[in-house]
Amino acid sequence: MITLENRFFPIRSAVCFFVEGGIILISVLVSFLLLHRGGAVGTIALDDAIVRGIVVAFFCQSCMYFLDMYDLKNSQTWPELFFSLLFAVGFVCIGIGLVTYAVPEFGVEGTMFYLTVLFVAVFLLFWRVAFDFYLTHLAPRQNILVMGVGETARIVGEEINKRERLGFQLVGFVGNAQGSVIRTGGTGRIVGDESKIVELVKENSVRKLVVAISERRGGYPVDSLLELRVHGCEVVEWPFFFEQLSGRIAIDNLSPSYFIFQGGFRKSKLLTATRRFISMLFAGVLLLLLSPLMFVTAFLIKIDSPGPVFYTQKRVGKNGRVFEIIKFRSMRQDAEGGNGPRWATENDPRVTRVGKGIRQARIDEIPQLFNVLRGDLDLVGTRPERPEFVEELTKIIPYYSLRHTVRPGLTGWAQVMFPYSGTIEESKGKLQYDLFYIKNMSVKLDLLILFRTVKIVLLGRGAR
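Residues numbered from 1 in each chain as written. Predicted model: local features only at pLDDT ≥ 70, side-chain atom pairs only at ≥ 80, totals over all residues. Heavy atoms only, no water.

This part is about the overall build of the protein chain. Secondary structure assignment for the protein chain yields 17 helices and 9 strands. Counting all 464 residues of the protein chain, 48% fall into the buried class. A separation threshold of at least 6 residues defines the contact pool for the protein chain, and within that pool the share at least 24 residues apart is 74%. Per element, the accessible surface of the protein chain, about 23700 Å² overall, is 62% carbon and sulfur. (Helix = DSSP H or I, 4+ residues; strand = E, 2+ residues; numbered from the N terminus. Buried < 20%, exposed > 50% of the residue type's maximum accessible area, 1.4 Å probe, protein only. Contact = heavy atoms within 4.5 Å. Areas by Shrake-Rupley, 256 points an atom, 1.4 Å probe, with all protein chains shown as cover.)

Here it is as structure tokens:
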């Protein structure tokens, strides 16, 4: 059964990935064997065919990853599924053609090429149809019951509903419907009150009970919860469950005790030193590799609009220290004029022609690598904000100052999980991901963020 610890790499997504890798490899081998019997594959041996199968799988599955086909939370219609597979196979055709031209020993050509493309397309289509049917009709589910009928319970229920294809199923809510604010019509139904919680768990084969009530005084069913716990039902409090399920920390209705008593916020000196070393190493290598692109970008900015090539702006870093971040200028020189700091918006009229392009490709962020070498930023962390916005957001959003307990980053968990924020409400949503990152910071999580960042940059998502 799927556990919450698989939130980054859900088991079903991993199974789908490896099965499809096997399907693609088998497609190449079937093509090889059919042609081998007819003497039409020349000097290619079986081990050569396996190498070619791995190359085809790389191109095909990379494309499927960029199309979010391994994010099983997203349900695709049949036309969307067909189009995605068609796009992936088309990418294979282009990729293998280039490989065959550049490195013939790894390529697939002639009749074997056409057979491989045909088998990959047909086998993957049949597999995806069967796998989708399994997920929606046959796959086992972890029944979850939520104790509570308030706003917190509703938010928890919505997160469970989003992950039905990953094996989670919301049975319903337990509590007194009278006076509740939960919108059960769009989230789930109230199946009973707290006095019947033991019976409800047994009747619905519930494996996990999530306690999502803000007020514990009065009729808190301690005896019933204890009975459920000792008889095998997992009883968890909503903040921990929500964090593990969604990859963020909900700050509404969350008491300070969560941050005081929960583990994970304290960082070892070894972890801090390791992350700092990796950040400086990556920054140095990237600056060296990207230097030609930086020279071209600087030239285009200079001829596109008057003003300097680089743009510096004050940002708030670790422990509230203010530093100047370096970026390629993407706006007019008088972008803010006398109006003071302003949130960036979609289709911002202040952005220049070249600026729009370098923002979309995230090229304007490259000079921040100098900030990484200087110690202002790490490669991965929270997004550094402007002092004027920090002062405003700290007054409005609870726990906002916790963002400054770590060094900000060039990219981060919030940046890869949440769209570009340009309002106070969006900043509040992004803070939830920042707090999750601060609590769960690790080299493994940093590598995952970098991997997702590459995908976002290549597809131009979230840029403004």
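What follows concerns the packing of helix α2 (residues 46-66) against helix α3 (residues 78-102). Direction vectors running N to C along α2 and α3 enclose 140°, while the axes themselves pass 8 Å from each other. Here α2 is positioned oblique relative to α3, judged by the angle of their axes. Classified by chirality, the crossing of α3 by α2 is right-handed. Mapping the contact onto sequence places V55, V56, F59, C60, C63 and M64 in α2 and L85, F87, A88, F91, V92, G95, I96 and V99 in α3. Residue composition of the contact of α2 with α3, by class: 13 nonpolar, 1 polar and no charged. (Axes fitted to C-alpha atoms, helices over the stretch in contact; angles between N-to-C directions. Parallel < 35°, antiparallel > 145°, perpendicular 65-115°, else oblique. Left-handed = near helix turned anticlockwise from the far one by under 90°. Nonpolar A, V, L, I, M, F, W, Y, C, P; charged D, E, K, R; others polar.)

Glancing now at the side chain of T352. Looking at the element boundaries, T352 is found in the loop between β7 (322-328) and α12 (353-360). Look at T352 and you get buried, because its relative accessible area is 10%.

For any pair of aromatic rings, the description consists of the separation of the ring centres together with the inter-plane angle of the planes. A full pass over the atoms with the stated rule returns 17 aromatic pairs. Relative to Y134, the ring of F131 has its centre 6.4 Å away and its plane inclined at 20°; by these criteria the two rings are stacked. You can see F131 and its partner Y134 sitting in helix α4 (residues 110-138), 3 residues apart, about one turn around the helix. A residue is classified by how much of its surface remains accessible, and F131, at 7% relative accessible area, is buried. A connected cluster of aromatic rings, assembled from ring pairs, spans F17, F18 and Y70. Directly above the ring of Y65 sits K455, whose terminal nitrogen or CZ lies 4.3 Å from the centroid. (Phe/Tyr/Trp six-rings, centres within 6.5 Å; stacked < 30°, edge-to-face > 60°. Lys NZ or Arg CZ within 6 Å of the ring centre and 35° of its normal.)

With that settled, the discussion passes to the pattern of salt bridges. Pairs may arise between side chains of opposite charge once their charged atoms sit close together. What the rule picks out here adds up to 21 salt bridges. A salt bridge links R163 to E159, with the shortest nitrogen-to-oxygen separation between them at 2.7 Å. In terms of burial, R163 and E159 fall into one category: buried. The network of salt bridges with shared partners includes R275, R276, D378, R407 and D446. (Salt bridge = Lys/Arg side-chain N within 4 Å of Asp/Glu carboxyl O.)

On the surface, F277, L281, F282, V285, L286 and L289 cluster together to form a nonpolar patch covering roughly 570 Å² of accessible area. With a relative accessible area of 42%, V285 lands in the partly exposed category. (Patch = residues over 30% accessible without salt bridge, like charges linked within 9 Å, V, L, I, M, F, W, Y side chains within 5 Å.)

The next subject is the nonpolar core. One finds V146, V156, I160 and W413 to be the most contacted residues of the largest nonpolar core, which totals 96 residues. The residues contacting V156, other than those within four sequence positions of it, are V146, V210, A212, W238, F241 and F242. Core analysis: the next-biggest nonpolar cluster, separate from the first, contains 16 residues, L145, V174, V198 and L200 among them. (Core = buried A, V, L, I, M, F, W, Y, C linked by side-chain atoms within 4.5 Å.)

With that out of the way, let us pick up a negative patch on the surface. Together, E199, E203, D223 and E227 give the surface a local cluster of negative charge. Those elements that provide at least two residues to the negative patch are α7 (197-203) and α8 (222-230). Note that E199 resides in helix α7. (Lys, Arg positive; Asp, Glu negative; His and termini not counted. Charge placed at Lys NZ, Arg CZ, Asp CG, Glu CD.)

Turning our eyes to something else, we now look at the pairing of strand β2 (residues 168-174). Burial analysis of β2 places 6 of its 7 residues in the buried class, which makes it a mostly covered element. Judged from the 6 bridges that link them, strand β1 (residues 142-147) and β2 form a sheet pairing that is parallel. Directly across from I144, in β2, lies its bridge partner L170. With 2 bridges connecting them, β2 and strand β3 (residues 190-192) associate as parallel partners. (Pairing = 2+ DSSP bridges.)

Here the focus is the environment of K162. Looking at where K162 falls in the secondary structure, it is placed in the loop between α5 (151-161) and β2. Residue K162 is classed as partly exposed on the basis of its relative accessible area of 47%. Each C-alpha atom, one on K162 and one on S246, is 9.6 Å from the other, the two residues being 84 residues apart in sequence.

The packing of two helices is summarised by the inter-axis angle and the distance between the axes. Axis separation between α5 and helix α9 (residues 238-246) bottoms out at 10 Å; the angle between their running directions is 30°. On the basis of the axis angle, α5 is roughly parallel to α9. Relative to α9, the crossing made by α5 is left-handed. Along its contact with α5, which presents T152, I155, V156, E159 and I160, the element α9 presents W238, F241, F242, L245 and S246. Class assignment of the residues belonging to the contact of α5 with α9 gives a composition of 7 nonpolar, 2 polar and 1 charged.

What follows concerns the pairing of β1. Counting buried residues in β1 gives 6 out of 6 residues, a clear majority hidden from the surface. Of the two faces of β1, the one carrying Q142, I144 and V146 and the one carrying N143, L145 and M147 are both buried. Sheet analysis places β1 next to strand β4 (residues 208-211), joined by 4 bridges and oriented parallel. If you follow L145 over to β4, its bridge partner there is L209.

Below, the discussion takes up the environment of Y65. In this structure, Y65 sits in helix α2. On the accessibility criterion, Y65 (22% relative accessible area) is partly exposed. Spatially, the C-alpha atom of Y65 lies 9.2 Å from that of F17, the residues being 48 residues apart in sequence. When sequence neighbours within four positions are dropped, the list of residues in contact with Y65 reads Y70, F451, R452 and K455.

The next point concerns the state of the cysteines. Tallied over the full model, the rule gives 0 disulfides. The thiol of C93 is not disulfide-bonded; the next cysteine sulfur, from C60, is found 9.7 Å away. Accessibility expressed as a relative area gives 28% for C93, which makes it partly exposed. (Disulfide = S-S within 2.5 Å.)

Worth remembering: the numbers are spatial, not functional.
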